[in-house]
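# Structural features, examined
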Amino acid sequence: VSVHGQVAERLSIHGSLLVAVKDDEGNGLILTGSDFHLGSVQQGDRIVADGMVRRLRGMPVLAVNEVWREKRDNPVEPVRMRLTDVPSLPNIGRVISTEGTVDTVENLAGGEVLKLREGGDTLTVSLPKERHNDDARLSQLHAGDRVRIRGVVLQNCPAPPYDSYLEVVLTG
């Protein structure tokens, strides 16, 4: 499979290098591969990637065999969404921004997890350990705080039918 798109974000999650790519219609796709294949691509790069479609934690990804950079371009702007619209399968791989009220904050082995709510809807937001730094700590937030977040919509659904467990991984 060959895809054309623009690099929206680079993520390192539990040792895996993931690259979120936006196509010309605004759809997202996650590329996965080694640092050899994806290490040189940067935000804004327009690329062509060849590989095989696989499943990673229930999420469709392109396991990259080869990548070509066509040109550098401006960074991708996040799509502003209502919190209720974020957890939807077509949003996988999209860079989004949304806002909500902090419900809970947890510090888990893999990183920090925040639950946002808006009305009766909730959204899981994660900050993997690889992204921890002094300026971006979810534990500084408290229930009731109003926040705006920016991140990539990913899926973490290890069992069929692979149609749930969407979350936002923070990127900035």
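Rules used throughout
Residues numbered from 1 in each chain as written. Predicted model: local features only at pLDDT ≥ 70, side-chain atom pairs only at ≥ 80, totals over all residues. Heavy atoms only, no water. pLDDT = per-residue confidence, 0-100. Helix = DSSP H or I, 4+ residues; strand = E, 2+ residues; numbered from the N terminus. Contact = heavy atoms within 4.5 Å. 1 Å grid on protein atoms, 1.4 Å probe; cavity = no way out; pocket = protein on both sides within 12 Å on 5 of 7 lines; lining within 4 Å. Points joined across faces, edges and corners; volume = space filled by probe spheres on them. Nonpolar A, V, L, I, M, F, W, Y, C, P; charged D, E, K, R; others polar. Salt bridge = Lys/Arg side-chain N within 4 Å of Asp/Glu carboxyl O. Buried < 20%, exposed > 50% of the residue type's maximum accessible area, 1.4 Å probe, protein only. Pairing = 2+ DSSP bridges.

Here we come to the confidence of the model for the chain. Where the model shows low pLDDT, its predicted coordinates should not be examined in detail. Taken as a whole, the chain shows an average pLDDT of 90; of its residues, 95% reach a score of 70 or greater. The element-level mean pLDDT for the chain is lowest in helix H1 (residues 35-38), coming to 87, with strand E6 (residues 79-80) highest at 96.

A word on the environment of Val67. In this fold, Val67 is placed in strand E5 (residues 59-71). Placed 18 residues apart in sequence, Val67 and Ala49 show a C-alpha to C-alpha distance of 4.4 Å. Not counting residues within four places of it along the chain, the set of residues in contact with Val67 comprises His37, Leu38, Val41, Ile47, Val48 and Ala49.

Take empty space enclosed by the protein next. The final tally for this structure, using the stated rule, is 1 cavity of 30 Å³ or more. Put simply, the largest cavity is a space of about 60 Å³. For the lining of the largest cavity, the residue count by class is 6 nonpolar, 4 polar and 3 charged.

A word on the pattern of salt bridges. Within the structure shown, the criterion is met by 10 salt bridges. Across the pair Glu9 and Arg150 runs a salt bridge, and its minimum N-O distance is 2.3 Å. Of the two residues, Glu9 is situated in strand E1 (residues 2-13) and Arg150 in strand E10 (residues 146-155); the sequence distance between them amounts to 141 residues. An identical accessibility class is assigned to Glu9 and Arg150; each is buried. Taking the shortest distance from any N to any O, the salt bridge between Arg117 and Asp103 comes out at 3.4 Å. Of this pair, Arg117 sits in strand E8 (residues 111-118) while Asp103 sits in strand E7 (residues 95-108), and the two are 14 residues apart along the sequence. The class of Arg117 is partly exposed, set by a relative accessible area of 32%. Relative accessible area serves as the criterion here: at 31%, Asp103 is assigned to the partly exposed category. A single salt-bridge network, built from bridges that share partners, covers Glu99, Glu118, Arg146 and Arg148.

The next thing to look at is the pairing of E8. On a regular strand, each side chain points to the face opposite its neighbour's, so the side chains alternate between the two faces of the sheet. Relative to E8, E7 runs antiparallel, the two sharing 7 bridges. The residue bridging Thr104 from the neighbouring strand is Lys115, located in E8. Where E7 folds back on E8, the antiparallel hairpin that results is connected by 2 residues. Bridge count between E8 and strand E9 (residues 121-128): 8 bridges; the pairing is antiparallel. In the sheet register, Leu116 faces E9, and the bridge partner there is Leu123. Where E8 folds back on E9, the antiparallel hairpin that results is connected by 2 residues, among which Gly119 adopts a positive phi of roughly 65 degrees.

Our focus in this paragraph is the environment of Arg137. One can find Arg137 in the loop between E9 and E10. Residues Arg137 and Ile149, spaced 12 residues apart in sequence, show a C-alpha to C-alpha distance of 13 Å.

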